Each structure stands twice: as structure tokens, then as C-alpha cells.
Amino acid sequence: MQVLCKVMQVGRSGFYRWQNQQEHQKDSLAKQFRLDSDAQQIFIDSDRSYGSRRMAKALQGKGYNIGRYQAATLMKRLGLVVKYAKKFKVTTMRILVNLNTYSVSFEHPELLTHCPV
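Since the model is a prediction, treat every value here as computed from it, not as a measurement.

Q: It is not clear to me how helix α3 (residues 52-61) should be interpreted in this structure. Could you clarify?
A: Helical geometry: 3.6 residues make up each α-helical turn, so side chains three or four residues apart lie on a common side. Considered for burial, the residues of α3 that qualify are Met55, Ala56 and Leu59. Down the axis of α3, the buried side of the element spans an arc of 100°, and every buried residue falls inside it. Away from the buried face of α3 by more than 90 degrees, exposed residues Arg53, Lys57 and Gly61 are located. Once α3 finishes, Gly63 follows within two positions and takes phi at roughly 100°, a positive value.

Next up, the structure:
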């Protein structure tokens, strides 16, 4: 190893530092891949409803040391956008029919001008 380092004009400590760095990068990429896949699976299982707080709690339950803001950054990087439920909106009018007198009354007669009949 000493001859190789001399030929390449690199110090031994620099070579070993580079070698350790390569191993750590491989481990780091594997951990990041597992985190990304777990986050995507949690998001899909939640029917795209988990935000950063619930995502952080779910990932902590799986053993990851992650906080709310890091979970938000992770979700942005992966393109995970929460699907919000729309508020219920009434789109029909209620018509009351009195069968004794055959008269028809409406709950909101002022809406009849806007309603095509």
C-alpha cells in the first residue's frame, strides 16, 4: 500500500480517508433509499392524507430519527402532496309538496329565479 500511495503521490492517511468515505456514502445511499420507499408507502397507505407531522410520527414508529421539518423536506423532495377533502356543498333544492291542496312550496323561493325549469 505504501508503494502504491508513493506512485500515486497520495498520503496513506488520505487514501484511507477516501476509502472510508466511499463506504459511508454507500451506506448513506442505502439508508436514504429505505427512508424514501418507507415514506412513499406510508403516504400511499394513508390515502395521500398524511402531512409532515403525521408522516414524522409514522416514520418514528418505524425507527427513523426524523422530525417534522425534515419530514416536510422529504415530502417536498419526493413530490408527496396531501389530498385535502373538499367541504360538502349542497347542490340540490328541497321541494315540499302538499298533496291535500296540490300546492307546491319551496324552501328558498328566491332561488327559483336562478333555477332553470
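Moving on from the model shown.
Q: Would you mind showing me how to read the nonpolar core here?
A: Taken as a class, soluble globular proteins show a tendency for nonpolar side chains to be buried jointly. In terms of nonpolar packing, the biggest core is built from twelve residues, these being Leu35, Ala39, Ile42, Phe43, Met55, Ala56, Leu59, Ile66, Ala71, Leu74, Met75 and Leu80. Of all elements in the fold, only α2 (12-45), α3 and α4 (68-78) reach the threshold of two or more residues within this core. Among the elements that line this core, the one with the most residues is α2, at four residues. Beyond its immediate stretch of four places on either side in the chain, Ala39 contacts Met55, Leu59, Leu74, Leu78 and Leu80.

Q: Whenever I open this one, the side chain of Ser46 confuses me. Can you help?
A: The topology assignment puts Ser46 in the loop between α2 and α3. Look at Ser46 and you get buried, because its relative accessible area is 11%. Here the side chain of Ser46 touches Phe43 through a polar contact of 2.9 Å, landing on its backbone oxygen.

Q: For this particular structure, what's the right way to read the environment of Ala71?
A: Structurally, the position occupied by Ala71 is in helix α4. The exposure class of Ala71 is buried, given its relative accessible area of 0%. Separated by twelve residues in the primary sequence, Ala71 and Leu59 place their C-alpha atoms 8.6 Å from one another.

Analysis parameters
Residues numbered from 1 in each chain as written. Predicted model: local features only at pLDDT ≥ 70, side-chain atom pairs only at ≥ 80, totals over all residues. Heavy atoms only, no water. Buried < 20%, exposed > 50% of the residue type's maximum accessible area, 1.4 Å probe, protein only. Helix = DSSP H or I, 4+ residues; strand = E, 2+ residues; numbered from the N terminus. Arc of directions from axis to C-beta. Core = buried A, V, L, I, M, F, W, Y, C linked by side-chain atoms within 4.5 Å. Contact = heavy atoms within 4.5 Å. Polar contact = N/O pair within 3.5 Å; in protein donor to acceptor, adjacent residues only side chain to side chain.

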